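These are the residues of each chain, in order.
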Amino acid sequence: MIKFEQVSKTYPGGQQALRKVDFHVEKGEMAFLTGHSGAGKSTLLKLISIMERPTVGRVLINGHNLSSIKRREIAYIRRDIGMIFQSHQLLMDKTVFDNVSLPLVIEGHTRKNIAKRVDAALEMVGLRDKAKNLPITLSGGEQQRVGIARAVVNRPPLLLADEPTGNLDPKLSMEIIRLFEDFNQAGVSVFIATHDLGLIARMKYRTLTLKNGQMITDGLDEQPNQGLYV
Amino acid sequence: MSLLFKGRAQGAETIKIGVFQLLIMFFTDHLRQAVNSLGELWRSPFASLMTIGVLGFSITLPSTLYVLVKNTEQISQQWEQASEISLFLRTGVTDASAQQLLTRLRLWPEVAEVVYINPAEGLKEFQALSGLGDALNYLETNPLPGVVLVVPTVKYSSPTSAGILLNKLRKEREVEIGKLDIEWLERLYALIGIAKDLVTLLAVLLFFAVVLIIGNTIRLNILSKRDEIVVMKLVGATDAFIQRPFLYTGFWYGFLGGIMAWVTVLIILLWVDYSMQDFMQKYQVSFDLTVMDLSTLIVMLSVSVSLGIAGSLLSVQRHVKDIEPR
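On a predicted model such as this, the values are computed, not experimentally measured, just so you know.

The rules behind these values
Residues numbered from 1 in each chain as written. Chains lettered and ligands numbered in written order. Predicted model: local features only at pLDDT ≥ 70, side-chain atom pairs only at ≥ 80, totals over all residues. Heavy atoms only, no water. Helix = DSSP H or I, 4+ residues; strand = E, 2+ residues; numbered from the N terminus. Buried < 20%, exposed > 50% of the residue type's maximum accessible area, 1.4 Å probe, protein only. UniProt positions renumbered as here; feature names shortened; annotations may be inferred. Pairing = 2+ DSSP bridges. Expected span 1.5 Å × (residues − 1). Bend = angle between axes of the 7 residues up to and from the residue. Axes fitted to C-alpha atoms, helices over the stretch in contact; angles between N-to-C directions. Contact = heavy atoms within 4.5 Å. pLDDT = per-residue confidence, 0-100. Core = buried A, V, L, I, M, F, W, Y, C linked by side-chain atoms within 4.5 Å. Buried area = accessible area lost by both parts, 1.4 Å probe. Salt bridge = Lys/Arg side-chain N within 4 Å of Asp/Glu carboxyl O. Polar contact = N/O pair within 3.5 Å; in protein donor to acceptor, adjacent residues only side chain to side chain. Nonpolar A, V, L, I, M, F, W, Y, C, P; charged D, E, K, R; others polar.

(A) The overall build of chain B, seen in detail. Scanning chain B for helices and strands turns up nine helices and four strands. Out of the 326 residues in chain B, the part that is buried amounts to 41%.

(B) Here's a closer look at the UniProt feature "domain: FtsX extracellular" (unreviewed entry) in chain B. Under the present numbering, the feature "domain: FtsX extracellular" (unreviewed entry) in UniProt falls on residues 84-152 of chain B. Its end C-alpha atoms 7 Å apart, residues 84-152 of chain B is made of 35% helix and 26% strand.

(C) A look at the pairing of strand β3 (residues 30-35) of chain A. All names here are of chain A. Of all the six residues making up β3, six are buried; the element is thus mostly covered by neighbouring parts of the structure. On β3, burial covers both faces: M30, F32 and T34 on one face and A31, L33 and G35 on the other are all buried. Note that β3 and strand β9 (residues 206-211) share five bridges and pair parallel. Considered in β9, the bridge of G35 is made with L210.

(D) Spatial organisation of helix α9 (residues 294-322) of chain B. Taking 1.5 Å of rise per residue, 29 residues should cover 42 Å, and α9 of chain B covers 42 Å from first to last C-alpha, within 8% of that figure. The largest bend in α9 of chain B is about 30°, located at V316 of chain B.

(E) Quick peek at the sheet that holds strand β1 (residues 85-89) of chain B. Residues and elements named next belong to chain B. The four strands lie next to each other as β2-β3-β1-β4, forming an open sheet whose pairing is antiparallel. With one partner strand each, in any of the chains shown, β2 (111-117) and β4 (175-180) form the two edges of the open sheet. Neighbour-to-neighbour, the strand axes of the sheet open up by a mean angle of 20°, direction not taken into account. The sheet contact formed by β2 and strand β3 (residues 147-152) spans six bridges and is antiparallel. Considered in β3, the bridge of V111 is made with P152. Against the sheet, helix α3 (residues 95-106) makes contact with β1, β2 and β3, and its axis sits at roughly 170° relative to β2, the strand it touches most.

(F) Main features of the confidence of the model for chain B. Residues and elements named next belong to chain B. The share of residues in chain B with pLDDT of 70 or more is 89%, and the mean pLDDT across the chain is 83. When pLDDT is averaged over each helix and strand of chain B, the minimum, 79, is found for helix α4 (residues 119-130) and the maximum, 93, for helix α7 (residues 226-234). Across the assembled chains, the prediction reports ipTM 0.89 with pTM 0.75.

(G) Geometry of the nonpolar core. Counting 70 residues, the largest nonpolar core has I2, F4, F23, L44, I48, I61 and F191 of chain A as its most contacted members. Among the elements that make up this core, the one with the highest residue count is helix α8 (residues 239-281) of chain B (nine residues). In this structure, F191 of chain A is in contact with I2, F23, V25, A31, L33, L44, L45, I48, L159, L160, A161 and L208 of chain A, ignoring residues within four places of it in sequence. Core analysis: the second largest hydrophobic core is formed by 38 residues, I177, L179, F183 and I200 of chain A among them.

(H) Examining the interface of chain B and chain A more closely. Contacts between the two partners involve 29 residues from chain B, matched on the other side by 37 residues from chain A. Interface area, chain B with chain A, both sides summed: about 3100 Å², of which 61% is carbon and sulfur. Area buried by chain B at its contact with chain A is led by L4, F5 and L234 of chain B, which between them contribute 23% of it. Our enumeration of links across chain B and chain A arrives at three salt bridges. Notably, a salt bridge pairs R71 of chain A with E324 of chain B, separated by 3.1 Å at the nearest N-O pair. Remark: the boundary between chain B and chain A carries eight residue pairs in polar contact (both at pLDDT 80 or more). Elements with a minimum of two residues in the side of chain B that touches chain A: α1 (19-43), α7 and α8 of chain B. When residues in the side of chain B that touches chain A are grouped by element, the largest group, five residues, is from α7 of chain B. Of the residues that constitute the side of chain B that touches chain A, the class distribution is 14 nonpolar, seven polar and eight charged.

(I) Structural view of the sheet that holds strand β1 (residues 2-10) of chain A. Residue and element names in this part refer to chain A. Within the open sheet, the four strands sit side by side as β2-β1-β4-β5. Their pairing is antiparallel. Whereas interior strands pair on both sides, the edge strands pair on one side only; in this sheet they are β2 (16-25) and β5 (64-65). In this structure, β1 lies alongside β2, joined through six bridges in antiparallel fashion. Note that in β2 the partner of K3 across the bridge is H24.

Written out as C-alpha cells, the structure reads:
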C-alpha cells in the first residue's frame, strides 16, 4: 500500500530529514512509525500526503509513483488518504457536522448522502449526539474523534495519523487506537506515527523506527525498552 | 475517479445520479455559496460597506460625467439654428422663381424648413437692426438680394453633414452664395469630444484603481482564512473549490457597488436638474435627464460586477495557490 524506495529528503539549507528510507506497508496492514521528535516521522508522512516531495528515491501508493502526480492532482490524491493530526485541524467556527461533512462537500455528494454518511461516521466514533456542537465545546479526546470521523467519512482505503494520541491520557489513547483497529479490520490500511512507546508496547503491531532520518528497525517491536531513546 | 485506486469511486459517482440532478445540484451549490458569501459580507458590515463605497463612488464619478456629456450632446442637437444655412440669391431672381426654388427645396429629405426673405423685407430688417435708419432711404435701388433660410433636419445638422448639404445647395441655379455659421458648432463638438475622452480616461483609471482595491480586500480575506484553507486543502479541496466563495464575494462587492453608484448618480442628477433647468431656460432649450433608465442600470451593474470579479480573480489566483499545508 505504502512503499518507500531509497527515499532521502534534504531540506533547503542542507538539513537531511530522511536518509535512504526503504519500507513497505502492505494492503490491509496496520503499522506504527516511531522515533524521537526530529527523527523524520512528520517528513515521512508529508511525503505520503505530498506536502513535501522526496529529494531522491520513489514513494509509491498502491503501486503509483507519487512523483508523477502533478500539482493540481494532489487534491484528488488526498481524497484517497484519510489524515488525522495531533492538532486536529478542525474548523473551530463550524459545527461538528460541518467539519465531518467537509470532504463529502468537496467531492460534491448530494445533501441526503452527506447527512447519511456523516451520521454513520459520527456513530462510529461515538459522537452522534454532538453533531450540532462547535468543536471548541468538546474535550481534546472528542475533538480528536471528530478528526477521525472526518478522515473516514469518505471511506478512504488508507488512513494516516500523525501523533493522534498526542495530548490524551492512556485510557483515551487506547480508545482511539481501538477505533483504528476497527477500521483496520474493515480492510483499511492504517499507518500511525507516534512517540507513545507505552501504547505500542501493549499491542503486537509492526513498528518502524526512525532515528536521525534512518530506518533502524522494521518489524514487530517486542522489546521496546531497548534503550533506543536514552 | 480516484487516481491511485482503480475502481474506487470518488464523489458524486458513488451513487448513480442523472445529468438533470447533477445540473440542479450544480446550481443549488453555487446558489448556496453565493448566499454564504453574501452572509460573510453581512457579518462584517462596516468593512464591507467601505469596500462597496469605494467601488460605488469610483463608478459614480465617470457615470455622472458620462450622463452630463450625453445630455450636452442632446442639447447641442436641439440648437438647430446653429446649422441654419443662408442662401443669397442672384440679383435678378424674381420672387416667383424664388418661390419655385422653395417648393423644390421643401421636397429634399435633408431639409426641415425653408423661409424666404425677399429684398424689401431684408432691407426693412437691416434698417431696424443696423441703426443706419433713414440713411438707407437715400439709396436709389435696394442692394440686398433675396435670402432663403434653410434649416436642415436633426440628422443633417451636424457640422459635416450640414457642410455637405451646403455644397449641394450652392449648385442650385438661383443661388449666388451659401453660408453656414458652422465654426462655433465645430468648436462645441470638439469640446464635447475632449470631454468624452477625459471621461473615458478618468473611468479607465478609476476602474484600474477599483480592481486593485477589490483585489487587495480579497487578499486580506484570503489571508484571514488561511487556517481554513489549509484544512480544506488537507482534506482534498481543489484550488477552484477554495476560490469560489472569494469570487462570489467579489461579485457581491461589484453588484452592491453598482447599485450604490446608480442610486448616487440618480440623486446627483436630480439635484443638478433643478439648476440646469433654470440655466437652460435662458437658452430656450428643454433639458431632460432621461438617461438613467433600466438599460443604464444594467450597463453600470455589469461594469461593476466585472470589476469586482476581476479584482477578486486577480488576487485569488495568486494567493490561494500560495497557501499550502506545512
